[in-house]
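One-letter residues, chain by chain:
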Amino acid sequence: MQTLLLSLETSSPVCSVALHRVADGSLIGQTELRLDKSHSTHLTILIEQLLANAGHQLADLAAVAVSDGPGSYTGLRIGAAAAKGLCFALDIPLVAVSTLKALAAQVAAGTARPENHFYCPMLDARRQEVYAAMYTHEGQEVLAPTPLILDADTLAEQLARHPTLFFGNGAAKFQAVLGEHSNAGFLAGIEPSAIAVGQLGVAAFQREEFQDVAYYEPFYLKEVYTTTPKK
């Protein structure tokens, strides 16, 4: 019986997968690998191991949720390819979950009095740029996902209005240029997790917010640039 949602998070150096029940969103299990550039060789192994350890099989999957981006271009492509392959082979729906929204929900869920803060995930986009968004504790969008060039005036309007927590692997760069600010808090060591992707994925599944498996592409936020290798 198809009762489970498998979630994949490959947007960062951490490769993680999780299983939730679609009926009530309860977590069955999660596993992750913190090994750089390992996604292409280990993602399917993590999926197989998680299903086996939980006593389930692929036929039990009702849908697959994938971290939609932004994030590592290569990581997002690997996650999308795996998710699409599973959905096509099993004839089940594909759900896409914003990486930034899932990361914000993850932090809000672990914050005391979460309504007191806005939540601003920041993912490193090289140099002085990050991919960022801002949400309330209930997931309402304050700032849509956008690439930001960081300086002392970045997000000045939002910080003047409301205490905000910053996190993700790009937040330290913002902390360095912003300095001390009474409305800014910075959290270290926060990485995207398939658990949060799965929790939002279950809600999207129940609303029947599905992607076209054939044409789905990750939300890179910026155009993907490729170069021709020099001989």
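Structure shown above.
Remember, it's a predicted structure, so these values are computed and weren't measured experimentally.

A. Structural view of the nonpolar core. By size, the foremost hydrophobic cluster in this structure holds 22 residues, and its most contacted members are Leu6, Leu8, Val17, Ile47 and Val64. Looking at this core, the elements with two or more residues in it are strand S1 (4-9), strand S2 (15-21), helix H1 (39-54), strand S4 (61-67) and helix H2 (73-90). The residues touching valine 17, leaving out its near neighbours within four places in the chain, are Leu6, Ser7, Leu8, Gly29, Gln30, Thr31, Leu43, Leu46, Ile47, Leu50 and Ala194. Grouped together as the second largest cluster of nonpolar side chains are 16 residues, Met134, Leu150, Ala171 and Leu178 included.

B. Spotlight on the packing of helix H3 (residues 99-109) against helix H6 (residues 194-206). Contact geometry for H3 and H6: axes closest at 8 Å, N-to-C directions at 105 degrees. Classified by the angle between their axes, H3 and H6 sit roughly perpendicular to one another. Contacts between H3 and H6 pair Lys101, Ala102, Ala105 and Gln106 from the former with Ala196, Val197 and Leu200 from the latter. When its residues are assigned to classes, the contact of H3 with H6 shows 5 nonpolar, 1 polar and 1 charged.

C. Broad picture of H1. Helix length check: H1 (16 residues) gives 21 Å between terminal C-alpha atoms against 22 Å at 1.5 Å per residue, within 8%. Buried within H1 we find His39, Leu43, Leu46, Ile47, Leu50 and Leu51. Each buried residue of H1 sits inside an arc of 120 degrees when the element is viewed along its axis, so together they form one side. More than 90 degrees from the buried face of H1, the exposed residues found are Glu48, Ala52 and Asn53. On its buried face, H1 is in contact with S1, S2, strand S3 (27-33), S4 and H2. Remark: glycine 55 follows H1 within two positions and exhibits a positive phi of approximately 75 degrees.

D. Broad picture of the environment of glycine 75. Mapped onto the fold, glycine 75 is located in helix H2. The class for glycine 75 is buried, based on a relative accessible area of 3%. Each C-alpha atom of the pair glycine 75 and serine 11 lies 5.1 Å from the other, and the pair is 64 residues apart in sequence. With residues up to four places along the chain from it excluded, the contact list for glycine 75 reads Thr10 and His39.

E. Spatial organisation of H2. Between its first and last C-alpha atoms H2 spans 26 Å; for 18 residues at 1.5 Å apiece the expected length is 26 Å, and the two agree. Buried within H2 are the following residues: Gly75, Leu76, Gly79, Ala80, Ala82, Ala83, Leu86 and Cys87. All buried residues of H2 fall inside an arc of 165 degrees around its axis, so they share one side. The exposed set on the far side of H2, more than 90 degrees from its buried face, consists of Ala81, Phe88 and Ala89. At its buried positions, H2 is contacted by S1, H1, S4 and strand S5 (94-97). In the segment just after H2, aspartate 91 is the residue with positive phi, at about 55 degrees.

F. Expanded view of the sheet that holds strand S8 (residues 141-149). The strand order S8-S7-S6-S9-S10 describes an open sheet built from 5 strands, whose pairing is mixed. Two strands bound the open sheet, and with one partner strand each, they are S8 and strand S10 (184-186). Adjacent strand axes in the sheet meet at a mean angle of 20 degrees when their direction is disregarded. Relative to S8, strand S7 (residues 129-135) runs antiparallel, the two sharing 6 bridges. Across the sheet, the residue bridging to glutamate 129 is isoleucine 149, located in S8.

G. Molecular detail of unusual backbone geometry. A cis amide bond, omega 5 degrees, links glycine 69 with the succeeding residue proline 70. Looking at where proline 70 falls in the secondary structure, it is placed in the loop between S4 and H2. If you check the backbone angles, arginine 127 has positive phi at about 50 degrees while not being a glycine. Relative to the helices and strands, arginine 127 is located in the loop between strand S6 (118-124) and S7.

H. Structural view of the packing of H1 against H2. Here H1 crosses H2 at 40 degrees, and the two axes come no closer than 10 Å. Here H1 is positioned oblique relative to H2, judged by the angle of their axes. H1 and H2 meet at a crossing whose hand is right-handed. Within the contact between the two elements, H1 uses His39, Ser40, Leu43 and Ile47 and H2 uses Gly75, Ile78, Gly79, Ala82 and Leu86. For the contact of H1 with H2, the residue count by class is 5 nonpolar, 4 polar and no charged.

So, how was this worked out
Residues numbered from 1 in each chain as written. Predicted model: local features only at pLDDT ≥ 70, side-chain atom pairs only at ≥ 80, totals over all residues. Heavy atoms only, no water. Core = buried A, V, L, I, M, F, W, Y, C linked by side-chain atoms within 4.5 Å. Buried < 20%, exposed > 50% of the residue type's maximum accessible area, 1.4 Å probe, protein only. Helix = DSSP H or I, 4+ residues; strand = E, 2+ residues; numbered from the N terminus. Contact = heavy atoms within 4.5 Å. Axes fitted to C-alpha atoms, helices over the stretch in contact; angles between N-to-C directions. Parallel < 35°, antiparallel > 145°, perpendicular 65-115°, else oblique. Nonpolar A, V, L, I, M, F, W, Y, C, P; charged D, E, K, R; others polar. Expected span 1.5 Å × (residues − 1). Arc of directions from axis to C-beta. Pairing = 2+ DSSP bridges. Left-handed = near helix turned anticlockwise from the far one by under 90°.

Geometric descriptors of this kind do not, in isolation, establish any biological role.
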